[in-house]
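# Structural features, examined
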Amino acid sequence: MFCLFSLRLENSIIYCLLQTGALEGAHFRKTGRLVSLSEQQLIDCSSKYGNKGCHGGLVDQAFTYIRDNKGIDKEDTYPYEAADDTCRYRPADKAATDKGYHDIKPSITLKSAVRLFCSESVKSWVYC
């Protein structure tokens, strides 16, 4: 996994890793199931939102794409290829959705953000 992660970072797709990681965590918190989401789908399909595939992009634009698209595929049905390709999203393979997100300003502390946006179970974990 370390080698694959290093390869991905070299391809300037950290926005995809940050977005899928955040959504995987939120999905797990909601459902109790951990799924691996498709970074490749973001590379291939979110260019209308200003992202540039393997040449970079923004996490907010990736979140907006998934929200508007009404989902993102699983990694095993839309695997990482380390190259730009055409969009092949299949709604039947959707693994998660995104109803919205919150940007946290650098001046907001972690505890303040948790108080604003997280459930009681997460709040108690952060304050421990």
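Before going into details, it helps to say that this report is about the structure given with it. (Residues numbered from 1 in each chain as written. Predicted model: local features only at pLDDT ≥ 70, side-chain atom pairs only at ≥ 80, totals over all residues. Heavy atoms only, no water.)

Turning next to unusual backbone geometry. Despite not being glycine, Lys70 has its phi angle at roughly 65°, a positive value. Along the polypeptide, Lys70 turns up in the loop between α4 (59-69) and β1 (72-73). Of note in this structure, Ala82 is not a glycine but carries a positive phi near 60°. The residue Ala82 is located in the loop between β1 and β2 (94-96) in this model. Residue classification places Ala82 among the partly exposed residues on the basis of a relative accessible area of 30%. (Helix = DSSP H or I, 4+ residues; strand = E, 2+ residues; numbered from the N terminus. Buried < 20%, exposed > 50% of the residue type's maximum accessible area, 1.4 Å probe, protein only.)

Counted by the stated rule, this structure contains one disulfide. Residue pairing for Cys45: its cysteine sulfur links by disulfide to Cys87, the two sulfurs lying 2.0 Å apart. One disulfide, between Cys45 and Cys87, carries an S-S torsion of 95° and so falls in the right-handed class. Here Cys45, found in helix α3 (residues 39-45), pairs with Cys87, found in the loop between β1 and β2; they are 42 residues apart in sequence, far enough to count as distant. For Cys87, a relative accessible area of 44% corresponds to the partly exposed category. (Disulfide = S-S within 2.5 Å.)

What is shown is where atoms sit, not what they do.
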